[in-house]
Amino acid sequence: MKPQFNRNNLILAVLSLTLVFGMFNAADAQRNPPKSKPQSTSAEILPARLAPDISYTVSMSKPWTHLLEVEMRLRYQDGPGKADIVMPVWTPGSYLIREYERHVLDFAAENQHGDKLIWEKINKNTWRIDSGGTPEILITYKVYANELTVRTNELNDEHAFWNNAATLMFPKDNLKASSTLRVIPFQNWKIATSLPTVEGQTNTFRAENFDVLYDSPFEVGNFTEINFDVRGVPHRMIFEGEGNYNLERLRQDVPKIVETAAAIFGELPYKNYLFIVNLRGGGGLEHLNSTALQFNRFGFSAQRYVGFLGLVAHEFFHAWNVKRIRPDALGPFDYERENYTKLLWVAEGGTEFYSNVILRRAGFISDKEYLQERAAGINALQNRPGRFQQSVEESSFDAWIKYYRPDENSINREISYYDKGEIVNMLLDLTIRQKTMGAKSLDDVMRTLYNDFYKKGRNYTPADFQKICETVAGTSLDDFFRKTVRGHDEIDYNSVFAGFGIKLETAVPNQPNAAFLGADFRPQGDFLSVAQLPAGSPAYEGGLNTGDLILAIDGFKIANQNDLNARLADRKPGDKIKMTVFRFDRLREIEIALGGRAAEQYRFTVLPSTSEIQKQFYQGWLGAELK
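Keep in mind the model is a prediction, meaning the values are calculated, not measured. (Residues numbered from 1 in each chain as written. Predicted model: local features only at pLDDT ≥ 70, side-chain atom pairs only at ≥ 80, totals over all residues. Heavy atoms only, no water.)

Colleague: Which parts of the structure should I look at to understand the overall build of the protein chain?
Modeller: Counting its regular elements, the protein chain contains 17 helices and 29 strands. In terms of overall dimensions, the protein chain has C-alpha extents of about 100 × 65 × 55 Å along its principal axes. Classification of the 627 residues of the protein chain by burial places 51% in the buried group. Across the protein chain, contacts joining residues at least 24 apart in sequence account for 68% of those joining residues at least 6 apart. Total accessible area on the protein chain stands at roughly 29900 Å², and carbon and sulfur atoms take up 48% of it. (Helix = DSSP H or I, 4+ residues; strand = E, 2+ residues; numbered from the N terminus. Buried < 20%, exposed > 50% of the residue type's maximum accessible area, 1.4 Å probe, protein only. Contact = heavy atoms within 4.5 Å. Areas by Shrake-Rupley, 256 points an atom, 1.4 Å probe, with all protein chains shown as cover.)

See below:
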């Protein structure tokens, strides 16, 4: 038992010591006059138990200026001498340092009497205020918001969308503190966020800590919305912008996605959920009780509509995978530097796997359509030389420096933890199904992570994930993880797919003897420019460079891709061509020996003969008859 803490006795002791040492120091000062006092090099940061009361106000009085106006008020029980105020440099879910502080303007600080406080910027994203112990600090600044992505901010005369990590600063070392946020919308704009409201206060919301605050984006404008309940839980979906979406169709379809995902875990993990849809751009970003989506305003017809549902399914599944089932480094977050993990292939690749599984289970795509899309994904991976250079664990860890900064050589040095991650998760699911004779699947792994880690307040490590998979499978999976997760080995797909009565094969091209150049091109003015050169291709080996402008082949002009295809159509593997190019404004001629391509793409076919167990496995996997 620890001794009981008596605060009053401690205060009396401190006062007594202060008097004694004060008398001693006064006498000593007469004998030894003090030298100039060195300046403090660090702020007097209050401990978390003495965190200030924090409130924000975000206004948008002139939306056409793209300036969000922010007030941040700190009220202390016992004010510090200095206060460090920090702007996050990234937002969770998008693993790149984005330097949000570059959009901050007109920073100022004053005390409760309106007196200006002196401040200085001590690093790229920290403002140090000399508060002099004042119990209240009012900080004001503006944030330039003119970039509509799911991870940044936009304000104009049509709407406002912002991420709080890109907008709101925090007092250093107080990320566990609660806060309130009041929004003053432009004119009669409506407000949408997943944060709970503060009772009795107009347009005011509360966050229990900064991880919650920074995980709750805002949409403010004259949006359209639908509402629906699933398992008694309210859901809200809003659309900003005009488009060809059908609200009634969405009101029927989106709940199917929600219910299909909930069936995997047996429950919904939130009290309410918000889908924010901006009808410009593309992509999505997951949040604790909401998601921000962007989609083409006229992309809701025919097959493109399924693409929207897939985006919804992906970001919604994150409500479990990542937001609650958290890899080792992903929460609580450090908002000032990178948060490294080797598990994005599970967090993102696994979520992409489940987004397509959900589409299949909810009946939006057939089993054949599901397999067709998986074959396309495998085809893209198999045509990427980088698969021999980077594992899915390495891709996850290096996301901060590579994934969001692709260049012309990315195809040769790296893979995507989304794309290969989806494939690896599919193979892992099928492996578990075979090892357990169809009794278990990756669903059981996800449920274990949810119940044994999220519900017990724990994050999981790569070792934890492998151990859970092995426990569910009832056998060691070390060979699978060593080769497919941590290694660069070529994947033996059919050793897995054969158990389900199907085979992955290469489709034979119409012209098996067609010549192959291997470079990818893009239009650039009146020329074709070399955009990408896969390692080992004839163009790569022949010395073509990315950025080269193609003028001619064997002296004949090349104006576009059709011209290029026509020049190669009557050639055969082994033929040599002379390509005339501009390289750094200099005319060059390069000789290239054309190669051959044995196949164009991958596809799934049913094995010539299949057993009852293979048919059962296929039925259990894709919910359809093998035929």
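Colleague: Explain the pattern of salt bridges to me, please; I cannot follow it from the model alone.
Modeller: Pairs can form between side chains of opposite charge whenever their charged atoms are close. Considering all chains together, one arrives at 34 salt bridges under this definition. Salt-bridge contacts for Arg236 lead to Glu225; the nearest nitrogen and oxygen are separated by 3.0 Å. Separated by eleven residues along the polypeptide, Arg236 in strand S16 (residues 233-240) and Glu225 in strand S15 (residues 224-230) bring together distant segments of the chain. When its relative accessible area of 27% is taken as the criterion, Glu225 is described as partly exposed. (Salt bridge = Lys/Arg side-chain N within 4 Å of Asp/Glu carboxyl O.)

Colleague: Quick question: what am I supposed to make of unusual backbone geometry here?
Modeller: With glycine set apart, most residues show a phi of negative sign, and most peptide bonds adopt trans. Put simply, Gly331 and Pro332 share a cis peptide bond, and its omega is -10°. Looking at where Pro332 falls in the secondary structure, it is placed in the loop between helix H4 (302-317) and helix H5 (344-347). You will see that Met437, though not glycine, has its phi angle at about 55°, which is positive. Among the secondary structure elements, Met437 is positioned in the loop between helix H10 (419-435) and helix H11 (442-452). A relative accessible area of 55% means that Met437 is categorised as exposed. Of note, Phe584 is a non-glycine position whose phi angle comes to about 55°, a positive value. With respect to the helices and strands, the residue Phe584 is situated in the loop between strand S26 (576-583) and strand S27 (586-593).

Colleague: How do you make sense of the environment of Tyr370 when you look at a structure like this?
Modeller: Secondary-structure assignment places Tyr370 in helix H7 (residues 367-382). Not counting the four nearest positions on each side in its chain, Tyr370 is found in contact with Phe353, Asn356, Val357, Arg360, Ile365, Met426, Trp621 and Leu622.

Colleague: Just checking my understanding: could you explain H10 for this structure?
Modeller: Residue pairs three or four apart in sequence face the same way in an α-helix, which turns once every 3.6 residues. With 17 residues, H10 ought to run about 24 Å at 1.5 Å a step, and its terminal C-alpha atoms sit 25 Å apart, in line with that. When you tally the buried positions in H10, you get 14 out of 17 residues, the bulk of the element. Immediately downstream of H10, the backbone of Met437 shows phi near 55°, a positive value. (Expected span 1.5 Å × (residues − 1).)

Colleague: Whenever I open this one, the sheet that holds strand S5 (residues 118-123) confuses me. Can you help?
Modeller: Two orientations exist for strands paired in a sheet by backbone hydrogen bonds: parallel and antiparallel. Strand order across the open sheet formed by four strands is S5-S6-S3-S10, with antiparallel pairing between neighbours. Whereas interior strands pair on both sides, the edge strands pair on one side only; in this sheet they are S5 and strand S10 (170-171). Examined bridge by bridge, S5 and strand S6 (residues 126-130) share five bridges and lie antiparallel to one another. Residue pairing for S6: Lys121 is matched across the bridge by Trp127. (Pairing = 2+ DSSP bridges.)

Colleague: Is there a simple way to think about empty space enclosed by the protein in this case?
Modeller: Any space left empty among the atoms is revealed by the rolling of a water-sized probe across them. Within the structure shown, the criterion is met by three cavities of 30 Å³ or more. By volume, the second largest cavity is sized at about 40 Å³. In terms of residue count, helix H6 (residues 349-361) provides more of the lining of the second largest cavity than any other element does, three residues in total. In the lining of the second largest cavity, the residues fall into four nonpolar, no polar and two charged. (1 Å grid on protein atoms, 1.4 Å probe; cavity = no way out; pocket = protein on both sides within 12 Å on 5 of 7 lines; lining within 4 Å. Points joined across faces, edges and corners; volume = space filled by probe spheres on them. Nonpolar A, V, L, I, M, F, W, Y, C, P; charged D, E, K, R; others polar.)

Colleague: Hey, could you run me through the packing of aromatic side chains in this one?
Modeller: Describing an aromatic ring pair means giving the distance of the ring centres and the angle of the ring planes. A complete count under the given rule lists 53 aromatic pairs for this structure. Ring geometry for Phe500 versus Phe617: centroids 5.6 Å apart, planes at 40°, classification tilted. One end of the pair, Phe500, is in the loop between helix H14 (494-497) and strand S20 (502-507); the other, Phe617, is in helix H17 (residues 612-622), and 117 residues separate them in sequence. Considered together, Phe500 and Phe617 belong to a single accessibility category, that of buried residues. Stacked on the ring of Tyr370, the Lys or Arg Arg374 has its end atom at 4.8 Å from the ring centre. Looking at Arg458, its charged tip hangs above the ring of Phe453, at a distance of 4.1 Å from the centre. (Phe/Tyr/Trp six-rings, centres within 6.5 Å; stacked < 30°, edge-to-face > 60°. Lys NZ or Arg CZ within 6 Å of the ring centre and 35° of its normal.)

Colleague: Teacher, can you tell me more about the packing of helix H3 (residues 247-265) against H4 here?
Modeller: At a minimum axis separation of 10 Å, H3 and H4 run at an interaxial angle of 40°. Viewed along their axes, H3 and H4 adopt a mutual orientation that is oblique. In this structure, H3 crosses over H4, and the sense of that crossing is right-handed. For the pair formed by H3 and H4, the contact residues are Arg249, Leu250, Asp253, Val254, Ile257, Val258, Ala261, Ile264 and Phe265 on the first element and Tyr305, Phe308, Leu309, Val312, Ala313, Phe316 and Phe317 on the second. Considering only residue class, the contact of H3 with H4 consists of 14 nonpolar, no polar and two charged. (Axes fitted to C-alpha atoms, helices over the stretch in contact; angles between N-to-C directions. Parallel < 35°, antiparallel > 145°, perpendicular 65-115°, else oblique. Left-handed = near helix turned anticlockwise from the far one by under 90°.)

Colleague: Looking at this structure, how should I read the sheet that holds strand S14 (residues 218-221)?
Modeller: Read across the open sheet, the four strands follow the order S8-S9-S14-S12; overall the sheet is antiparallel. Taken across any chain shown, the strands that pair with only one partner, and hence form the sheet edges, are strand S8 (154-155) and strand S12 (190-192).

Colleague: Would you take a moment to explain the packing of H10 against helix H13 (residues 478-485) for this structure?
Modeller: Think of two packed helices as two axes; the pair is described by the angle between the axes and how far apart they sit. For the pair H10 and H13, interaxial distance at closest approach is 11 Å and the crossing angle is 165°. Between H10 and H13, the interaxial angle falls into the category roughly antiparallel. Here H10 and H13 pass one another in a crossing that is right-handed. Together, Lys420, Val424, Leu427, Leu428 and Thr431 of H10 and Phe480, Phe481, Thr484 and Val485 of H13 make up the contact between the two elements. When the residues that make up the contact of H10 with H13 are grouped by side-chain class, the tally is six nonpolar, two polar and one charged.

Colleague: Help me understand the side chain of Asn356, please; the structure alone is not making it clear to me.
Modeller: With respect to the helices and strands, the residue Asn356 is situated in helix H6. Here Asn356 falls in the buried class, since its relative accessible area comes to 11%. A distance of 2.9 Å separates the side chain of Asn356 from the side chain of Glu422, its partner in a polar contact. Sequence-distant contacts of Asn356, that is, excluding residues within four places in its chain, are made with Ile365, Tyr370, Arg374 and Glu422. (Polar contact = N/O pair within 3.5 Å; in protein donor to acceptor, adjacent residues only side chain to side chain.)

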